[in-house]
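# Structural features, examined
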Amino acid sequence: MENKEKIVEYLLEAGEFEWEIAPGKVVTAWGFNKQLPGPIIKADRGDKLIIKFKNNLKEPTVIHWHGIRLPASMDGTDAVQKPVAPGEEFEYRFIVPDAGTFWYHSHANETAQMERGMYGALIVNDKNDPITDDEKVLMIDDMKLTSDNEFKKPGWFFARWLERHDGREGETLLINGKENSEININAGQIERWRIINSSSARYFLLHLDGKEFQIISTDGGLIESPRTVTEVLITPAERYDIAVGPFNEGEEFSFESLPYNRMASIKPKRQTFATVKVGKQKTSIASIPSKLSEIKPLALQNAEVTRKIKFSLGPSLKDGVNFLINNDTHINDKPARVGELQIWEVSNTSLMDHPFHLHGFFFQVIDINGQPPEYLAWKDTINLPPRSKVKIAWIPDNRPGTWMYHCHILEHHEAGMMAHFDVINNDQPEPENISHHKHHHHH
Ligand SMILES: [Cu+2]
């Protein structure tokens, strides 16, 4: 507030281009400004972003600004804007009110568009950020490619069922659009690594070959105190910022994912995504304070539930399986009023994990199966383990309009596991019978 509003402009052009993910291994990607990931958008907290977007793809698209508390009209879903047709332009304008690690990605035909690379990072800095010697943005992804390095949708029924059921995971493992990449850090230094899971369905259990690191920030910014760990689960769309180092000159270790069983048909494996190489010794100016921020709890653990949401699986004659919210696909849920504390009990009665994502607002997890979380944090995406109940609290601030929540496994979202709901002002009457009017269907 004390600063004058600064305007930051970017030009983003979506299009098709050839992208080399490894020497000689070239894919036909779809992405922004012929880069995979798209350019890193950088701003300071409170800045106004103006993003002039042009769609050069052969199909319509929209851009969703994941984690940004922006007006509903800028959220980039087909409920709030007409998708940008091939050759057309759209200007996104919004203020970035929070510091942290965010990202942008296509919110149209995502199982194809995001698979091919329609994503990038959006970093919002703040003068209260801890001082580190350097920082890196690391976007995790995977691709499922044929032997000719082509993206191909499964043809026969069982393969289609499997991809719909499990979500797509591929054997080509990427960090910032590159296979087998190297992550370089100088000995003696501490860096901030902003890690974004931009994959369709992969559960990434981050591990640095057993070396300790500190979690300092997640979806909605800095947590209260650094947490020293050797692993952290990053589900699709989640962000974790970690402080790493200092290491010794010449050290080399894996940036890898430990096996995590999300109860899909895919066998969990330990997989290396990149190699960390420690270079020459350098002096450090880093300082990670023991108190990073203050987060006031929104509600007590026994707060009364104001809404129940159920994630489940159901049969489908056409596709074998549907992914349901409150026993239906692509639903419209009841509105939430500005200023009214929301206590949502999100249950998952299925036998597999689902990452729950709320658009436009941050929530706090109050409990998971009756247990409080290990620490307070602002989240926009949280994993729902099999047969679990996760209680979250959030308050709609004064940004009325149509919003969404959905599973961030893209294939599940497409198969029905999504809801629209309105945030309404106190003077707006509640619409009647909303559950009987279905619209905004995908495809
Ligand atoms: Cu899911």
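Here the structure is shown first, and the text comes after it.
As a starting point, this report considers the structure included with it. (Residues numbered from 1 in each chain as written. Predicted model: local features only at pLDDT ≥ 70, side-chain atom pairs only at ≥ 80, totals over all residues. Heavy atoms only, no water.)

### Concerning the sheet that holds strand E20 (residues 307–316)
Strands sit in the order E21-E20-E24-E28-E26 across an open sheet of five strands; the sheet is mixed. Two strands close off the open sheet at either side, each with one partner strand: strand E21 (320–325) and strand E26 (364–368). On average, each strand axis in the sheet is tilted by 20° relative to the strand beside it, whichever way the strands run. Two strands pair when backbone bridges link them, and E20 and strand E24 (residues 342–348) are joined in this way by five bridges, in the parallel orientation. Bridging from a neighbouring strand, Arg307 pairs with Trp344 of E24. Where helix H2 (residues 157–166) meets the sheet, it contacts E20 and E21, and its direction lies at approximately 20° from that of E21. (Pairing = 2+ DSSP bridges. Helix = DSSP H or I, 4+ residues; strand = E, 2+ residues; numbered from the N terminus. Axes fitted to C-alpha atoms, helices over the stretch in contact; angles between N-to-C directions. Contact = heavy atoms within 4.5 Å.)

### Here's the deal with the nonpolar core
One finds Trp65, Phe94, Trp344, Phe356 and Tyr405 to be the most contacted residues of the largest nonpolar core, which totals 62 residues. Residue contacts for Phe356: discarding those within four places in its chain leaves Phe311, Trp344, Val346, Phe363, Asp380, Thr381, Ile382, Leu384, Ile392, Tyr405 and His406. Among the nonpolar cores identified, the runner-up in size contains 33 residues, and Ile183, Ala187, Ile195 and Ala377 belong to it. (Core = buried A, V, L, I, M, F, W, Y, C linked by side-chain atoms within 4.5 Å. Buried < 20%, exposed > 50% of the residue type's maximum accessible area, 1.4 Å probe, protein only.)

### Let's talk about the pairing of strand E30 (residues 418–424)
Strand residues, when the strand is regular, have side chains that alternate between the two faces of the sheet. The element E30 is extensively covered by neighbouring structure, given that six of its seven residues are classed as buried. Bridging between strand E23 (residues 336–337) and E30 involves two bridges; their strand directions are parallel. Within E30, the residue paired with Arg337 across the bridge is Ile424.

### Description of the coordination of the copper ion
The protein atoms that coordinate the copper ion are His354 (ND1), Cys407 (SG) and His412 (ND1), at distances spanning 2.0 to 2.1 Å. Along the chain, the residues donating to the copper ion fall in the pattern H-x52-C-x4-H. (Donors = N, O, S within 2.8 Å, 3.2 Å for Na, K, Ca; no water.)

### As for the packing of aromatic side chains
The tally for this structure, following the rule as stated, stands at 25 aromatic pairs. Geometrically, the ring pair formed by Phe158 and Trp161 is stacked, given 5.8 Å between the ring centres and 15° between the ring planes. Placement of the pair is Phe158 and Trp161 together in helix H2, with a separation of three residues, close to one helical turn. On the accessibility criterion, Trp161 (23% relative accessible area) is partly exposed. Members of the aromatic cluster, each reached through a chain of ring pairs, are Phe311, Trp344, Phe356, Phe361, Phe363, Trp394, Trp403, Tyr405 and Phe421. Sitting over the face of the ring of Trp30, Arg116 holds its NZ or CZ atom 4.6 Å from the ring centroid. (Phe/Tyr/Trp six-rings, centres within 6.5 Å; stacked < 30°, edge-to-face > 60°. Lys NZ or Arg CZ within 6 Å of the ring centre and 35° of its normal.)

### With respect to the sheet that holds strand E13 (residues 204–207)
Taken in spatial order, the five strands of this open sheet run E11-E19-E18-E13-E16, and their pairing is mixed. Strands at the two margins of the open sheet, each flanked by one partner only, are strand E11 (181–187) and strand E16 (231–234). Averaged over neighbouring strand pairs, the angle between their axes works out to 25° when direction is ignored. Judged from the seven bridges that link them, E11 and strand E19 (residues 271–281) form a sheet pairing that is parallel. Bridge pairing in E19 links Glu182 to Thr275.

### With respect to unusual backbone geometry
Each neighbour pair has its own omega, and for Leu36 with Pro37 the value is -5°, a cis peptide bond. Turning to its location among the elements, Pro37 is positioned in the loop between strand E2 (25–32) and strand E3 (41–44). A cis amide bond links Gly245 to the next residue, Pro246, at an omega of 0°. Even without being glycine, Asn33 reaches a positive phi, approximately 55°. Relative to the helices and strands, Asn33 is located in the loop between E2 and E3. Residue classification places Asn33 among the partly exposed positions, given a relative accessible area of 27%. A positive phi angle, near 50°, is found at Asn180, a position not held by glycine. Topologically, Asn180 is positioned in the loop between strand E10 (172–175) and E11.

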